[in-house]
Amino acid sequence: MRSEGIALVATLALMVLIGLLVFSTFFRTQIELWVTRNDTTSVQAFYAAEAGLQKYKAVLFQQYVWREQQGQTGGGSGCFTSLVTGLDLDRNGNLLTFVNNQITLATNEVVVDADNRPIGRYTVTLYRDANDGQLFTLVSQGTSGGAKATVQATVRLSNTGYLEQAIFAGTGQANKWLNGGATIRGGIYIVGSPSNPNQTVIDANGNFELLNWYNLSSYSSIAARVDTAYRQANDLCASLRVQYGKISVGGSTRLGEPSNKLKGVFVGRGGQDITGQNVDVCQNNKGVCTEAMGPFDLANPPAFPTLDARLNSEACKNYSTWRACLQDRAALRIQRVGNTVSLAYPLSVTLDASCFNAINNSGVLTLDKSTVDCTYTRLDGSRGGFKYTYASNQGLLEIYGDVVLEGLNVVFNQPTEYKALSGSQKNATFAVLAKNNQGGSVDLNGNLLPQTNHGLFPNHTLGLVAEDDIYQRGQYVMAPVYAGGTFRVVKDNVLFGSVISNEFCTTSAGNQTNCNAGQKAEVVYIRIPQENRPVLLPAIRGGTPVFQILSYERR
């Protein structure tokens, strides 16, 4: 073979080899570019999804706060928030409602980079838990090029406001009266004493119960006075929160049940402040049965409301104190200074003689078997004030607008029904305030229940405010109550509604002024919708919204 032929073959072979090397390098580079591009678009798709999730997490929280401030709650008796009915994203009254428990919040919204170039899109869907109105799941799907990514977060939205608890107690609860045989159906919030965080505020070693449900069929004659939507609640979103202090769990105490756990037990500094032989027991109907347990969890907790502090409610936000709000907005205001009782508002009317005759020399207004008429007629023909009548072993208290009595104590001596009306709303506040160290207490010696012909609880509500003490000797009371001092409830009696008091305690039968933790008494939390709450109670915007991320998932 000639040398020229061999050289040609070798040259061709070399060129083929070089071509293969070039092609393989090019192909490898293309693959790397494709992989890089895929990685880039995958990352961009993920961050697009994350952008949608973060945006609408913020929107969800802001919407919740706004809806709570507007008093637009919706929902029913159990575990829910104001968002359970839908979202008003533009805040113009146009509500996006849930269809099959879901709402599409965004469809293919664009995500841009720092140079305002589109790099991806996202679609966000909000899912509502069918059984728990406080649980929501946001699912955000991001796309970029042909890549897709999905992220989701499940959150709990709740309110720690004063009337969101069965009992909201202040520093006076730094004792041990929430123990013994008491049964509380609904949440408990205790401020405790900041100067003594080592004090045990609940030392439960008896049959104390904190439960997450109620069924009014077990209370004689009570269910008929309550709207059907509120006669049973299987999930009250009950939690136990103690800002300052400790709890100890022993005996047959049960905080929640294995089949119906509390949403949380958040006490003081956490584990060191939650002690007792049954802390880790959740069986045989005793111990701590909760979905979460740890230290007090609120960064901006609500303080115990006092009359001489500003009340952060829609009705009172423009007043320097809650007391000033009550005094200025009252439809009727009567005050006692020394031994002189006079009409402080309205000054232009004359009340029936029975109004002042009912107040004895000791400054006590006793509602018993005699008529007490403290009403008047406004220029528009509507009534203001209150009237008490008695017939057939039953008292009737009619309240027209909010009533403020200063320097007096009030005693309900008979079983009494109330009829509350403020304009078109079937609610009112009956406030008993101290003046010059006189008065400010209410004794309930008989039942206090809504008159069903006028409306059913909680859509028909009378709120009780006492600057000092409220003493419940009657078997059944159905109302939200505030006691700046102590709320006492006698053995075997039940409060339906909620209690705000500096101190909550139970007593044995009789005219007891002491507290006895061993007594059986109950508080059954029946939530009053914002729109039906007496406006002069510390109801609206009274708490710290809880936005709790329960889970986060990337897929």
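Scroll up to find the structure.
Along each chain, numbering runs from 1 in the same order as the chain's sequence is written. Only residues with pLDDT of 70 or above have their local features reported here, since the model is predicted, and side-chain atom pairs are shown and tallied only from 80 upward, although totals for entire chains, interfaces and linings are computed over all residues. Hydrogens and water molecules were not included; the side-chain quantities draw on all heavy atoms of the structure.

K.L.:
Outline unusual backbone geometry, listing residues and values.
P.N.:
Residue Tyr345 is joined to Pro346 through a cis peptide bond whose omega torsion reads -5°. Helical segments are the DSSP runs of H or I of at least four residues, strand segments are the runs of E of at least two, and each set is numbered from the N terminus. When you line up the elements, Pro346 lands in the loop between strand E21 (340-345) and helix H3 (353-357). With an omega of 5°, the peptide bond between Phe457 and Pro458 qualifies as cis. Summarising the element assignment, Pro458 is placed in the loop between strand E31 (448-450) and strand E32 (461-466). In the Ramachandran plot, Asn101 falls in the positive-phi region, its phi being about 65° despite a non-glycine side chain. In this fold, Asn101 is placed in the loop between helix H1 (3-70) and strand E1 (102-112).

K.L.:
Requested: an account of the packing of aromatic side chains, with residues and values cited.
P.N.:
Centres within 6.5 Å are what make two rings of Phe, Tyr or Trp a pair, Trp counting through its six-membered ring; a difference in plane orientation under 30 degrees is then read as stacked, over 60 as edge-to-face, and the rest as tilted. Within the structure shown, the criterion is met by 13 aromatic pairs. On the basis of an interplanar angle of 20° and a centroid distance of 5.8 Å, the ring pair of Phe304 and Tyr482 is categorised as stacked. Placement of Phe304 in the loop between strand E19 (293-294) and helix H2 (322-329) and of Tyr482 in strand E34 (residues 476-490) is noted, with a sequence separation of 178 residues between them. Accessibility assignment for this pair places Phe304 and Tyr482 in one class, buried. Joined through ring pairs, the aromatic side chains of Tyr162, Phe168, Tyr189 and Phe296 make up one cluster. The ring of Tyr471 has Arg473 sitting right over it, with the charged end atom 3.7 Å from the ring centre. The ring of Phe46 is capped by Arg554, whose NZ or CZ atom sits 3.8 Å from the centre of that ring. Remark: exposure states derive from per-residue accessible area (1.4 Å probe, protein chains only) relative to the maximum for the residue type, with buried under 20%, exposed over 50%, and partly exposed in between. Charges are assigned to positions over rings by a cutoff of 6 Å between ring centre and Lys NZ or Arg CZ, combined with an angular limit of 35 degrees from the ring normal.

K.L.:
How would you sum up the side chain of Gln414? Please name residues and give values.
P.N.:
For Gln414, the location among the structural elements is in the loop between strand E27 (409-412) and strand E28 (416-421). Looking at Gln414, the relative accessible area reads 14%, which means it is buried. Side-chain atoms alone can form a polar contact between residues adjacent in sequence; in general such a contact is a pair of N or O atoms within 3.5 Å, and within protein one must be able to donate a hydrogen while the other accepts it. Within polar-contact distance, the side chain of Gln414 engages the side chain of Asp368 at 2.6 Å.

K.L.:
Describe the state of the cysteines, with residues and values.
P.N.:
When the sulfur atoms of two cysteines come within 2.5 Å, that pair is taken as a disulfide. Summed over all chains, the structure comprises four disulfides. Put simply, Cys316 and Cys325 are joined by a disulfide, and their sulfur atoms are 2.1 Å apart. One disulfide, between Cys316 and Cys325, carries an S-S torsion of -70° and so falls in the left-handed class. For Cys316, a relative accessible area of 1% gives the class buried.

K.L.:
Describe the environment of Leu365, naming the residues involved and giving the relevant values.
P.N.:
Residue placement: Leu365 occurs in strand E22 (residues 364-367). A residue is classified by how much of its surface remains accessible, and Leu365, at 2% relative accessible area, is buried. Taking the C-alpha atoms as reference, Leu365 lies 6.1 Å from Asn409; in sequence the two are 44 residues apart.

K.L.:
Break down the nonpolar core for me, with residues and values.
P.N.:
The nonpolar side chains of soluble globular proteins are, as a tendency, buried together. The set of buried Ala, Val, Leu, Ile, Met, Phe, Trp, Tyr and Cys residues whose side-chain atoms join them within 4.5 Å is what this entry labels a nonpolar core. Grouped together as the largest cluster of nonpolar side chains are 88 residues, with contacts concentrated most on Ile247, Phe386, Phe430 and Phe496. Ranked by residues supplied to this core, first place goes to E34 with eight residues. Beyond its immediate chain neighbours, meaning those up to four positions away, Phe430 contacts Phe386, Ile399, Val403, Leu405, Val410, Phe412, Leu462, Gly463, Leu464 and Val465. A contact between two residues is defined here by any heavy atoms of the two lying within 4.5 Å.

K.L.:
Tell me about the sheet that holds strand E8 (residues 200-204), and name the residues and values.
P.N.:
The strands that make up a sheet are held in pairs by hydrogen bonds between backbone atoms, and each pair lies either parallel or antiparallel. Spatially, three strands are ordered E8-E13-E16 in an open sheet, and the strand pairing comes out parallel. In the strand order of this sheet, the two ends are held by E8 and strand E16 (274-275), each with one partner. In this structure, E8 lies alongside strand E13 (residues 246-249), joined through four bridges in parallel fashion. The partner of Ala204 across the bridge, within E13, is Val249. In short, DSSP must find at least two bridges between two strands for them to pair.

K.L.:
Requested: an account of the sheet that holds strand E4 (residues 147-159), with residues and values cited.
P.N.:
The strand order across the open sheet built from five strands is E1-E2-E3-E4-E37, with neighbouring strands paired in antiparallel fashion. Either end of the sheet is taken by a strand with one partner, and the two such strands are E1 and strand E37 (545-554). In this sheet, neighbouring strand axes are inclined to one another by 20° on average, regardless of whether the strands run parallel or antiparallel. Each axis is a line fitted through C-alpha atoms, taken for helices only over the stretch in contact, and angles between the N-to-C directions span 0 to 180 degrees.

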